[in-house]
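Commentary on secondary and tertiary structure
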Amino acid sequence: MLTSLTTQQLYQSSQADALASLPNASEAMQVLHQRASVSIKHFLMSRRRAHALVMDHGTELWRDWVIEQVKAQANLLPTPPDVVLVHDFTQPNSGYYLTLPAGYGAMFRSAIGELVRSIREELPPLFDGHAYQQKAIQLEESLKLHQEDLLRPVFALALKLGVVLEQGDNLFVLRVKHEEDELSRHDVMQLDEEVRPPLLERLEQVEQSLNEALTQFPSLQHSHLKMNKTLNQEVASQLLDPMLARLLMEFDGDVTVAQYLQELKTYVLARLPDFWTLDESATAVSSSTVVGGDKSWLTVFDVQVMCTHAPDSGAPVIVEPELTLARYLGSVVGASATSGEGVVSTLSVRPGVLHQATGGFLLVNVAALVQEAGLWHLFKGMLRSGRLSGSDWRAMQPASLW
């Protein structure tokens, strides 16, 4: 038997009725996705965040709510340090990261740029100064005196044996006295056989003594070059040391900054002649101005800010829906960024979202993550180790650029 039903009997209440009475979308999400909400909050409160939270794509409202929760927690976390990429002066074609207090990354880059500009402007005139020229002249005179000391016994022996010894440009001429003539070896060989032996013996004695003295000249020259190099470095250090000390004070004597500055100084001292030959047309130190010219080696002083944060701004939150390998790891752009020495300017290195999210949260599209070849493997490795290996990073870059 059929019975008519009322409207009240046909209606079944749903969660939408309960949601209508809630004051905001946040509470609505907690009602609709109770278990997921608990999981997210547990994840955000966890002290060990080196793991991934995988969620369904969900609705736009759901995604916005998740991002809102992540940002709220990020605001409570400490602000991570800035990270800059610098050239490793001790290893060819290599670089490393420096960590600096939040907000100091751009300051460090500007400070190094200004330091190098000051060195280029102030270093060459030092070697034109009177004090340096006097010391350089003294070294030259000292070398000549030592050479003369070695040759003095040779000239004395030549005088004793009746051999004329004349010194020209990079050569010595010997002639033996015979009767009223001064004869070369060639001339002696034209004489009668009974006359030749004593004359040749006198020449050979002087030649042997001369050769023994001349064999010591390279050692003298090497010693002279070493002393001249030491002088140049001492003069340059008088300029560099105060500069570096002032810069280090700006960064509160940071140990890693101090180590980098010491390596930079060593590099500058090793390439002083290159600084002498720089002309005034060489302007700002950056890959955009010097690459491709004879000053391309200056790109080793470039500093790339990989990530930076405003002080006390909390942890970063990076949302990356379309993830690619280059976007994730960073990349090297432009083959022209490679200098004549094969050094890649740090300014040609583009940071990835991993750099930007360090110390905070990275929200990615899981589908894009697993579709990119090799990316999921690197992602898992990074989560396990807590770091991204530089060898893994370079393995993903074109070999010609790094």
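Side note on the sheet that holds strand β3 (residues 163-168)
- Pairing is antiparallel across the open sheet formed by three strands, whose spatial order is β3-β4-β5. Looking at which strands have only one partner, the edges of the open sheet turn out to be β3 and β5 (181-183). The sheet shows a mean angle of 30 degrees between the axes of neighbouring strands, taken without regard to direction.
- Here strand β4 (residues 171-178) pairs with β5 via three bridges, running antiparallel. Its bridge partner lying in β5, Lys 177 is registered against Glu 182.
- Sitting on the sheet, helix α7 (residues 130-161) touches β3 and β4, and the angle it makes with β3 is about 145 degrees.

Let's talk about the environment of Trp 297
- By the element assignment, Trp 297 lies in the loop between α13 (287-290) and β6 (304-307).
- Classification of Trp 297 by relative accessible area gives buried; the value is 6%.
- Here the alpha-carbon distance between Trp 297 and Ser 345, two residues 48 residues apart in the chain, equals 9.1 Å.

Describing the pattern of salt bridges
- Here the structure, examined in full by the defined rule, presents eight salt bridges.
- Between Asp 149 and Arg 152 there is a salt bridge; the shortest N-O distance is 2.8 Å. Taken together, the residues span about one helical turn, with Asp 149 and Arg 152 both in helix α7 at a distance of three residues.
- Accessibility expressed as a relative area gives 43% for Asp 149, which makes it partly exposed.
- Taking relative accessible area as the criterion, Arg 152 reaches 48% and is therefore assigned partly exposed.
- Glu 207 is the partner of Arg 185 in a salt bridge, and the nearest nitrogen-oxygen pair spans 3.0 Å. With Arg 185 in helix α8 (residues 185-188) and Glu 207 in helix α9 (residues 196-214), this residue pair connects regions lying 22 residues apart in the sequence.
- Relative accessible area serves as the criterion here: at 31%, Arg 185 is assigned to the partly exposed category.
- Several salt bridges converge on common partners, so that one network encompasses Glu 166, Arg 175 and Glu 182.

Points about the packing of aromatic side chains
- Within this structure, the stated rule accounts for nine aromatic pairs.
- When the centroid spacing of 4.9 Å and the interplanar angle of 85 degrees are considered together, the rings of Phe 127 and Tyr 132 count as edge-to-face. Taken as a pair, Phe 127 and Tyr 132 share a single burial class, namely buried.
- Joined through ring pairs, the aromatic side chains of Phe 89, Tyr 104, Phe 108, Phe 251, Tyr 260, Tyr 267, Phe 275 and Phe 301 make up one cluster.

Some words on the environment of Glu 201
- Relative to the elements of secondary structure, Glu 201 occurs in helix α9.
- A C-alpha to C-alpha distance of 9.7 Å links Glu 201 and Leu 161, two positions 40 residues apart in sequence.

Cut-offs used in this document
Residues numbered from 1 in each chain as written. Predicted model: local features only at pLDDT ≥ 70, side-chain atom pairs only at ≥ 80, totals over all residues. Heavy atoms only, no water. Pairing = 2+ DSSP bridges. Helix = DSSP H or I, 4+ residues; strand = E, 2+ residues; numbered from the N terminus. Axes fitted to C-alpha atoms, helices over the stretch in contact; angles between N-to-C directions. Contact = heavy atoms within 4.5 Å. Buried < 20%, exposed > 50% of the residue type's maximum accessible area, 1.4 Å probe, protein only. Salt bridge = Lys/Arg side-chain N within 4 Å of Asp/Glu carboxyl O. Phe/Tyr/Trp six-rings, centres within 6.5 Å; stacked < 30°, edge-to-face > 60°.

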